[in-house]
Amino acid sequence: MTTTIMRTTVRVTVPIVLVLSIWLFLQGHNLPGGGFIGGVLTTAAFVLIYVAYDLDYLESGVLDREVNPGTSIFEHRTVAAYRRTLLLGLAVVIGSGVAGMLVGDPFLTQTYVHVGGVPIYHDVELASALVFDLGVYLVVVGSLLTIISVVSAE
Amino acid sequence: MANLTVVTTIVALPFVAAVLSPLLYRVLGERTGYAGALVAAASFGLLATQADSYGTVRASWVPALDVGFQFTVDGWGLLFALLASGIGVLVFVYSARYMHGEDGLARYYAALLAFMGSILGVALASDLVLVFLFWELTSLCSFVLIGHYTDDAESRYSARMAMVVTVGGGLCLLAGLLVLSVAAQDALGGVTFDLTAMIANDEAMRAALRESGLFVPALVLVVVAAAAKSAQVPLHFWLPNAMVAPTPVSAFLHSATMVKVGVYFLGRVRPLLMSPEWVLLVATLGLLTMTVGALLAVASTDIKELLAYSTASHLGLMVAGFGFDVVYGGEAGTFHLLNHALFKAPLFLVAGIVAHEAGTRNLDNLGGLWRELPITAAITGVAALSMAGIPPLNGFYSKELLFEATYEVAHEAGGVAWLYPTVATVASVFTVVYSVKFLGMFFGERRAPLADIHRPPVALVAPPALLAAAAAVVSVAPQLAVDAIVQEAVEATAIGEAHLEAGLPTHFSPPVAMSAVAILGGLAAYPFAGRLATAIGRGVDAPVPVRPRGWYDWVVSTAETTSARFGPFVHNGLLRTYVTWVAAAGSLLALAGFAATRGALGIDRLGVPLAVAAVLMIAILAGVAVTTAPSHVVSVLTLSILGFMLAIFFILASAPDLALTQLVVETLVLLIFLLVLQRLPSFYSDVRPLALARDAGVAILVGAMAFVSVLLTAPRPDADPTSVATYYTEQAVPGGGGTNVVNVILVDFRAFDTLGELLVVTVAAIAILVLVTMRTRGEETVGDSEEGPIPDGGDSP
């Protein structure tokens, strides 16, 4: 699959897909979208990179870092980062659930506030559910990419 | 009115003690038996306080199905419960001495206590679910008790046999109870498992059962369950085998209580199910068992085996009594339940003493024991003659009642019905023979040299002596026992009015003649007992078809070999085999469920808009194309067409979130496929037509199941939204602050579900990580040791 057409297409589409996924994630509370859909779409963008290039490309080509070719998939820095993402996501989800308990609400209680007078948007709704959704997003991205990178490396 | 707390305490006390018994055993050691006796005595005392407060108490358990902790205190339940706890006291005292120096006593007492609690539960429970629960608990406890000597293969075999037969019967009971509860829906106007209410409305229940054609099935199921539990022919074979249990267990479970649970329950439902079919089935079954049991008892040489067959025979007498629709029948069954417990329990305890002191249980080697064991001989004299039905001992009165019942039924029906009194008399002849044979081990000359026979300790002799004394009291003044408890028990099991009057016959009547024939015939036949035993033994050793135990062995061994062969067939270590079986079986079950409950499909609802139809047509075409695709890549791409069409279908059905999810997941799956396909060979292997047909069949089955499920369970498009749906739509903005209801449900209303799903995803990721690690490690070690991997599911040496 590492044809020039494929690589060129991926270079153009991946940023668009990533922006789209973040947009879907952010608007999720009021319009179609949300943490899960955004997470899967982000994962799709990364998988596109894998299909066109390979696992090491994220290290060498994007982050411009040295890749140690001898290490197995488990010590691979990218995979470790995915695992950290996964754990961070779980921490965010549970943290957002516990946060409500600090002010006396039951576990996982969510709330929201409307903030007025913001430039351009005028009225913005800030929902604590977005934090929860961020956790969902991180868990989905982290776990799917862990699975895919480990399995594809096999 | 009965008191819920008291009744619950009576039933719960033994269970609590059972849980505590390992602790008790650590503190008290072998004296735990006396603690058990105290518990039994406490239950007995509490029961006695309830003697004048009949009634039903109830605490709710599953209100939607009207299942409750419902207990009814009446004469019949009280008689049985008093017997269980009263004999329980004596058995615990006896055990404390008899089980001296044995292993596993903590388990033994725990099981015995739990068993007593279960029996009290069966006796007092009047909710069918509760009855079933306690009924099966008695089977479980008896399994543990019969298999007490866990190192002994025979003990394990017998325990399993008792378990298979009684629990199998228990399943029939469950089915029968469900049928009754279904009938109650029509008869009592609602789902209920309330047995008291069913019996109170017995005519309505019978009418409802008859109307739905379920009367005979319900009757047969209940009778089979009772027959399995009470060792009726042809399920009698487990009882003698159960005699490998310690003797106190035999006395308690296999004569006084557990085996009577079936009889007890027949007495309980007798007013509910009484009908010509009942008489034919139950009375015939009882008399047949009575005869077969008596014959086999005559042929046995082991004293416990003799008592076991005799128990089966006497249980047959009670069942036969309950089978007859005349007043005397119910009286015979009820009264004999008491009498049998009073003479059979001491006989078992005596058998234990003899085995303990003489060191053998073989009747051929025992004789003239009265010199060494005079008190035991006296006890046996009372109990064995009572078992034989010799007047004026207590066994005579209840057997006389059965004779009267058989005579009355035969006199009314005439013709073939005369077989009833004939068979009853013949069986009683053999009863006398084996009773005298049992008694014979105390008299006559010593038949084989025995070691020194010690005088048994008081703790072993006192319990059977007390029971024999009770039997003697009932013998001398039967009306005393009748007034105390039996009359009220008779009323609970009777159809219509019944007034029991027990006493010696004052004038000559046909039943008296039958008794005379039985006793004289038995005494006359006794000298030929040896030849009789040989003849019966020859019959028993006949080819397999007439031996129920042969059938049991055949069924069990066939089941074992079949499952051993079936196992590798269903799960042979290949994932695709697992999927095939699970998918096919699950779909078939679901379809069968729909077919049984919903009937025809509602095709009229298939109104499909044109756009949807077009999209779905393309999806179907893509599906067909997948099967004919020439390479992996093409088939994956065509499969994606199907997935994207589904996404469009979701958009058309106004589910944008679902469509988005479907789209991104489809994209991701497509990408992953492409990632993996680089490594796969690009050709398909040759397909075998048979495998193809199998896969097509499974696929069609799964498809049909999904189609039918959606068609039947999904709400109509024009139906009103459910209350849950309405709640979410109305509360999304004020409660969660979001206008996307799906997302608000995910993160606000049902965040805990989402959290659980995230954990699932996390676990999946970790599992895959671990699996891949393990696999590489496994390969390394396998490569090192140069041994092939052990195939999944195979037997490792």
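The rules behind the values
- Residues numbered from 1 in each chain as written.
- Chains lettered and ligands numbered in written order.
- Predicted model: local features only at pLDDT ≥ 70, side-chain atom pairs only at ≥ 80, totals over all residues.
- Heavy atoms only, no water.
- Helix = DSSP H or I, 4+ residues; strand = E, 2+ residues; numbered from the N terminus.
- Buried < 20%, exposed > 50% of the residue type's maximum accessible area, 1.4 Å probe, protein only.
- Contact = heavy atoms within 4.5 Å.
- Areas by Shrake-Rupley, 256 points an atom, 1.4 Å probe, with all protein chains shown as cover.
- Lys, Arg positive; Asp, Glu negative; His and termini not counted.
- Charge placed at Lys NZ, Arg CZ, Asp CG, Glu CD.
- Core = buried A, V, L, I, M, F, W, Y, C linked by side-chain atoms within 4.5 Å.
- Expected span 1.5 Å × (residues − 1).
- Patch = residues over 30% accessible without salt bridge, like charges linked within 9 Å, V, L, I, M, F, W, Y side chains within 5 Å.
- Salt bridge = Lys/Arg side-chain N within 4 Å of Asp/Glu carboxyl O.
- Pairing = 2+ DSSP bridges.
- Axes fitted to C-alpha atoms, helices over the stretch in contact; angles between N-to-C directions.
- Parallel < 35°, antiparallel > 145°, perpendicular 65-115°, else oblique.
- Left-handed = near helix turned anticlockwise from the far one by under 90°.
- Buried area = accessible area lost by both parts, 1.4 Å probe.
- Polar contact = N/O pair within 3.5 Å; in protein donor to acceptor, adjacent residues only side chain to side chain.
- Nonpolar A, V, L, I, M, F, W, Y, C, P; charged D, E, K, R; others polar.

Along the backbone of chain A there are five helices and two strands. Put simply, chain A runs from its N terminus to its C terminus through helices and strands in the order α-α-α-α-β-β-α. On the principal axes, the C-alpha backbone points of chain A span a range of 50 × 35 × 25 Å. Taken across its 154 residues, chain A has 44% of its residues classed as buried. Residue pairs in contact within chain A that sit at least 24 positions apart in sequence constitute 60% of those at least 6 positions apart. With the model as given, the accessible surface of chain A reaches about 7,900 Å², and the carbon-plus-sulfur share is 69%. In chain A, 6 positive and 11 negative side-chain charges are present, and the distance between their average locations comes to 10 Å.

With that settled, consider the nonpolar core. Formed by 196 residues in total, the largest nonpolar core has its most connected members in W238(B), F265(B), F324(B) and F335(B). Ranked by residues supplied to this core, first place goes to helix α15 (residues 327-358) of chain B with 16 residues. Apart from residues lying up to four places away in sequence, W238(B) is in contact with M161(B), A162(B), V165(B), T166(B), A228(B), K229(B), A231(B), H254(B), M258(B) and V259(B). V17(A), L48(A), L668(B) and L755(B) belong to the second largest nonpolar core, which has 47 residues in total.

Mapped onto the elements of the fold, G389(B) is located in the loop between α16 (374-388) and α17 (394-413). On a C-alpha basis, the gap between G389(B) and W370(B) in space is 22 Å, while along the polypeptide they are 19 residues apart.

A word on helix α23 (residues 548-570) of chain B. Here α23(B) is 23 residues long and its end C-alpha atoms lie 32 Å apart, about the 33 Å a rise of 1.5 Å per residue gives. What α23(B) keeps buried is the set P548(B), G550(B), Y552(B), V556(B), G567(B) and V570(B).

Turning to a negative patch on the surface, a few remarks are in order. Taken together, the side chains of D103(B), D151(B), D152(B) and E154(B) make up a negatively charged region of the molecular surface. You can call D103(B) exposed: its relative accessible area is 67%.

Moving on: the pairing of strand β1 (residues 112-118) of chain A. Consecutive side chains of a regular strand alternate in pointing toward one face of the sheet and then the other. Residue and element names in this part refer to chain A. As paired strands, β1 and strand β2 (residues 122-127) are joined by five bridges and run antiparallel to one another. Opposite V115, over in β2, you have V124 as the bridge partner. Connecting the antiparallel pair β1 and β2 is a turn made up of three residues, with I120 showing a positive phi of about 65 degrees.

Here we take up the packing of helix α2 (residues 35-52) of chain A against helix α27 (residues 656-677) of chain B. One way to put it is that α2(A) packs onto α27(B) with a least axis distance of 9 Å and a crossing angle of 20 degrees. Classified by the angle between their axes, α2(A) and α27(B) sit roughly parallel to one another. Crossing handedness for the pair α2(A) and α27(B): left-handed. In this structure, α2(A) uses F36(A), I37(A), V40(A), L41(A), T43(A), A44(A), V47(A), L48(A), Y50(A) and V51(A) to contact α27(B), whose residues at the interface are D657(B), L660(B), T661(B), V664(B), V665(B), L668(B), L671(B), I672(B) and L675(B).

Take the side chain of K260(B) next. Residue and element names in this part refer to chain B. Inspection of the secondary structure puts K260 in helix α12 (residues 258-273). Despite its burial, K260 pairs with no opposite charge; the closest candidate is D74, at 17 Å N-O. Those residues within four positions of K260 in sequence are excluded, and the remaining contacts are F80, S230, S255, L315, M318, L337, H340 and A341.

Moving on, we come to the pattern of salt bridges. Per the counting criterion, the structure on display carries eight salt bridges over all chains. Across the pair R58(B) and D66(B) runs a salt bridge whose closest N-O atoms are separated by 2.9 Å.

The figure often quoted for interface size is the accessible area lost as the parts come together. Counting residues at the interface gives 41 residues for chain B and 45 residues for chain A. The largest share of the area that chain B buries against chain A comes from L675(B), L758(B) and L769(B), three residues that together contribute 15% of it. One can count zero salt bridges joining chain B with chain A. On inspection of chain B and its partner chain A, the count reaches ten residue pairs in polar contact (both at pLDDT 80 or more). For the side of chain B that touches chain A, the secondary structure elements donating two or more residues are α27, α29 (723-736), α30 (741-749) and α31 (751-785) of chain B. Element by element, the count of residues in the side of chain B that touches chain A is highest for α31(B), at 16 residues. Its residues placed into classes, the side of chain B that touches chain A shows 25 nonpolar, 13 polar and three charged.

It is worth stressing that arrangement in space is one thing and function is another; only the former is reported here.
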